[in-house]
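Coordinates in review
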Amino acid sequence: MAHPRFTGGRFLGTGIGLRVPHYDHILAEKPAVGWFEIISENYMVRGGRPLAVLDAILDQYEVVQHGVGLYPGGSGGLDMDHLRRLKELIKRTKTPWISDHLCWGSVDGRMSHDLLPLPYTFEAARKTAENLRIAQDFLEIPLAMENVSSYAEFNDDEMTEWQFLAEVTEAADVGILLDVNNIYVSSVNHGFDPLEYVDFIPPDRVAQIHIAGHSRYQRFIIDTHDHPVIDPVWRLYARAIERCGPTATLLEWDSSIPSFEEVWSEAKKSEDWRRWLVEQKGVGHVEA
Amino acid sequence: MSRLEQLQREFFKALLLPLRGSSRKSTELTPSDEGHAPEFFRIADEIIKPGPELSAAERLELYHRQYWFRILDSLAEDFPVLRRMAGDERFWELIEAYLLERPSQSFTLRHLGEAFADHIEAAPCLDDSRRRWFGGIARIEYAFMKCFECAQSALPEAVDLGDSEIELQEHVQLLRLSYPVDLCWGWQDFTPAEGIEPEIIHIAVWREPSGRSRQERLEAGEVRLLSRLRDGIRLDVLFDELPEPTPSEDDITRWFAKWQGYRWLGVCGKEGAQELDRGIGWEGMDRMSSQAVSMTD
Ligand SMILES: [Fe+2]
């Protein structure tokens with residue numbers, strides 16, 4: 001189980017990403033969803049419709065913030081304006097924790113808008129942990145780092161990705177958002193054993209898990225979030241919760257988005273796995 | 001310079017190189033037979049480890065095309081009228097030149113077009129009148145984006161009009177353009193522009209209570225008053241010191257009624273709430289996301 005300092009002591013069950021094609025359904029039908037994850041950067045604005053719709057969602061649901069622009073691995077440090085905007089939004093959403101990606105993405109204030117891979121070096125781990133400590137101190141909320149899907153490795157690498165993730169999160173004392181689909185994607189792209197990755201993760205840091213689908217091409221996999229979760233990823237999920245206990249689980253479906261019911265029922269499959277865990281392995285507790 | 005900084009600078013430099021080869025063919029940019037610059041391969045070999053299936057350059061290429069696909073799509077989406085007026089070929093030429101010259105400087109892709117109008121107004125591939133026409137269109141289209149996310153101050157009650165400083169709502173943007181570019185919104189292509197002489201026009205772009213963006217022409221005298229409202233002013237002060245040429249009382253009454261009707265005025269320093277109209281669609285809401293762009297093999 002995640003240590004409460006990584007989750008603010010909140011246990012959340014199954015959630016899905018809040019996405020435009022579902023707004024009408026959610027606002028009109030108020031479906032019973034555990035929680036929604038929002039992309040912080042879409043709501044880091046001064047006013048207008050983004051905040052109006054967010055307020056309507058917040059009236060009904062618990063929301064967790066997930067970011068794509070913190071870039072904690074940036075050698076040039078963090079963008080303090082970004083942190084200030086993020087903190088404003090945190091006040092509004094009262095998110096129990098916030099997550100972003102273990103990556104970098106900008107140089108001299110110029111943005112890639114991508115989650116770029118870090119070299120797995122001690123130097124990069126040190127710099128990233130330093131940035132994360134600054135962010136966590138400033139934001140005054142538990143921070144969880146998500147492992148990204150990657151398509152490249154570096155000549156500089158001195159350790160595996162899972163060692164790097166553990167190294168950084170321990171040095172910064174932050175939580176982990178474990179994306180088991182990303183582990184699978186990277187394992188195919190780089191040829192490693194995804195189970196070895198999952199087995200190495202410090203379980204008490206895992207505040208949240210992401211599940212998602214991807215696109216398989218002939219020679220690589222791209223993390224497109226536009227398909228259902230595949231069986232090997234469900235198996236990694238099962239292994240992850242076996243180690244970490246029942247963990248807040250979120251399905252990401254961001255492209256070719258089907259109906260709300262379809263996304264929600266895909267996400268709910270994670271509950272079958274969590275139930276299996278309790279029944280077969282006696283791990284965790286039955287969710288209400 | 002640290003090793004990490006060096007690597008990130010090199011990687012970023014590669015991302016900013018122009019899109020080439022088959023990656024370019026799957027966009028709407030004018031195709032080119034040119035391959036990657038030697039710089040691209042040098043960076044790939046120096047920093048990236050070859051994978052089980054892909055070479056170092058192929059791995060870098062995946063990031064390179066993701067970068068370009070994402071920003072090309074995002075920028076093009078924000079300038080539909082410019083696209084119709086410039087025609088596809090010219091439009092993509094402008095987009096590519098702009099993105100090569102000025103990479104994104106904001107955390108959100110919504111702001112990607114913030115300097116596009118300036119770029120167009122200096123674009124060597126356009127003649128002088130097109131620079132001003134297309135630049136003006138880009139200004140209006142970017143103003144639509146900007147007013148989408150501006151703050152909203154409280155609408156003035158009768159008592160506020162006498163007692164408080166009144167401001168122009170942040171989302172009301174005043175543009176001064178050198179051709180009647182607002183006409184383009186009613187045109188299918190740019191041919192009707194032939195023979196239209198330059199003419200200074202003033203446009204307001206604002207967010208309606210529903211959340212939808214709108215534009216309308218302003219009278220010159222009206223703009224002078226609205227500009228003074230920009231930073232907040234008491235109405236008695238505003239009307240005591242009228243700018244030259246002095247507008248008539250009738251004009252002022254008419255303008256003021258319009259501004260109130262359009263909800264352009266707000267009370268300085270008092271936050272207002274945005275209504276949520278669910279009937280107008282959700283265009284422009286989800287610009288940022290964590291997934292990769294899908295591609296062909
Ligand atoms: Fe994820």
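Because the structure is a prediction, the values reported are computed rather than measured.

**Quick word on the overall build of chain B**
Looking only at helices and strands, one finds twelve helices and seven strands in chain B. Referenced to the eigenvectors of the C-alpha coordinate spread, the extents of chain B come out at roughly 75 × 45 × 40 Å. Burial status across chain B gives 52% buried among its 297 residues. Pairs at least 24 apart in sequence give 67% of the contacts found in chain B among residues at least 6 apart. Carbon and sulfur atoms make up 48% of the accessible area of chain B, which amounts to about 13300 Å² in all. Taking the average place of the 36 positive charges on the side chains of chain B and the average place of its 55 negative ones, the gap between the two points comes to 4 Å.

**Side note on the pairing of strand β7 (residues 143-146) of chain A**
All names here are of chain A. Of the two faces of β7, the one carrying L143 and M145 and the one carrying A144 and E146 are both buried. Inspection of the sheet shows strand β4 (residues 98-101) paired to β7 by four bridges, in the parallel sense. When the sheet's bridge partners are listed, S99 is paired in β7 with A144. As judged from the three bridges shared by β7 and strand β9 (residues 175-179), these two strands associate in the parallel manner. Counted as the bridge partner of M145 is I176 from β9.

**Focus: the coordination of the iron ion**
Surrounding the iron ion are the protein donor atoms A:E146 (OE), A:D179 (OD), A:H210 (ND1) and A:E252 (OE), at 2.0 to 2.3 Å. Each of the four donor atoms around the iron ion contributes to a set of angles spanning 85 to 174°, which defines the coordination as irregular.

**A word on the interface of chain B and chain A**
At the interface, 64 residues of chain B touch 72 residues of chain A. Here chain B packs against chain A, burying approximately 6100 Å² in sum over the two surfaces, 58% of which is carbon and sulfur. Linking chain B to chain A there are seven salt bridges. Among the salt bridges present, the one from B:E58 reaches A:R219, with a minimum N-O distance of 3.0 Å. For the side of chain B that touches chain A, the elements supplying multiple residues, two or more each, are α1 (3-16), α3 (38-47), β1 (48-49) and α4 (56-77) of chain B. Examining the composition of the side of chain B that touches chain A, we find that ten residues originate from one element, α1(B), more than from any other. Among the residues forming the side of chain B that touches chain A, the class breakdown is 28 nonpolar, 16 polar and 20 charged. Bridge count for strand β8 (residues 153-154) of chain A against β1(B) is two bridges, and the pairing is antiparallel. Its bridge partner lying in β1(B), A:F154 is registered against B:I48.

**Looking at the domain arrangement of chain B**
Residues and elements named next belong to chain B. Segmentation of chain B into domains returns domain 1 (1-76) and domain 2 (79-267). Each of domain 1 and domain 2 has a C-alpha centre, and these two points are 37 Å apart. At the junction of the two partners, domain 1 supplies 14 residues and domain 2 supplies 16 residues. Broken down residue by residue, the surface that domain 1 buries against domain 2 is led by E28, L75 and A76, which jointly contribute 44%. Our count for the contact surface shared by domain 1 and domain 2 stands at two salt bridges. For the pair domain 1 and domain 2, the number of links is three residue pairs in polar contact (both at pLDDT 80 or more). By residue number, the principal contributor to the side of domain 1 that touches domain 2 is α4, which donates eight residues. Taken together, the residues of the side of domain 1 that touches domain 2 sort by class into nine nonpolar, two polar and three charged.

**Here we look at the packing of helix α7 (residues 180-190) of chain A against helix α9 (residues 231-244) of chain A**
All names here are of chain A. The geometry of α7 relative to α9 is characterised by a closest axis approach of 9 Å and an angle of 125° between their N-to-C directions. Comparing the axis directions of α7 and α9 gives the class oblique. The two elements α7 and α9 cross, and the hand of that crossing is right-handed. Of the residues in α9, those in contact with V180, N181, I183 and Y184 of α7 are P232, V233, L236, Y237 and A240. Here the residues of the contact of α7 with α9 are counted per class, giving eight nonpolar, one polar and no charged.

**Section: the packing of aromatic side chains**
Applying the stated criterion to the full structure yields 30 aromatic pairs over all chains. Residues B:Y262 and B:W264 carry aromatic rings whose centres are separated by 5.4 Å and whose planes lie at 50° to one another, so their mutual orientation is tilted. Ring pairs connect the aromatic residues A:W104, A:Y151, A:F154, B:F11, B:F12 and B:Y63, which therefore count as one cluster. One cation-aromatic arrangement involves A:K87 over A:F138; the distance from NZ or CZ to the ring centre is 4.9 Å.

**Brief notes about the confidence of the model for chain B**
Note: predicted coordinates in regions of low pLDDT should not be interpreted at a detailed level. Of the residues in chain B, 99% reach a pLDDT of 70 or more, and the chain-wide mean stands at 95. Complex prediction metrics read pTM 0.95 and ipTM 0.96.

Parameters at a glance
- Residues numbered from 1 in each chain as written.
- Chains lettered and ligands numbered in written order.
- Predicted model: local features only at pLDDT ≥ 70, side-chain atom pairs only at ≥ 80, totals over all residues.
- Heavy atoms only, no water.
- Helix = DSSP H or I, 4+ residues; strand = E, 2+ residues; numbered from the N terminus.
- Buried < 20%, exposed > 50% of the residue type's maximum accessible area, 1.4 Å probe, protein only.
- Contact = heavy atoms within 4.5 Å.
- Areas by Shrake-Rupley, 256 points an atom, 1.4 Å probe, with all protein chains shown as cover.
- Lys, Arg positive; Asp, Glu negative; His and termini not counted.
- Charge placed at Lys NZ, Arg CZ, Asp CG, Glu CD.
- Pairing = 2+ DSSP bridges.
- Donors = N, O, S within 2.8 Å, 3.2 Å for Na, K, Ca; no water.
- Tetrahedral: all angles 85-135°; square planar, octahedral: opposite > 155°, others 65-115°.
- Buried area = accessible area lost by both parts, 1.4 Å probe.
- Salt bridge = Lys/Arg side-chain N within 4 Å of Asp/Glu carboxyl O.
- Nonpolar A, V, L, I, M, F, W, Y, C, P; charged D, E, K, R; others polar.
- Domains from an automatic or database assignment.
- Polar contact = N/O pair within 3.5 Å; in protein donor to acceptor, adjacent residues only side chain to side chain.
- Axes fitted to C-alpha atoms, helices over the stretch in contact; angles between N-to-C directions.
- Parallel < 35°, antiparallel > 145°, perpendicular 65-115°, else oblique.
- Left-handed = near helix turned anticlockwise from the far one by under 90°.
- Phe/Tyr/Trp six-rings, centres within 6.5 Å; stacked < 30°, edge-to-face > 60°.
- Lys NZ or Arg CZ within 6 Å of the ring centre and 35° of its normal.
- pLDDT = per-residue confidence, 0-100.

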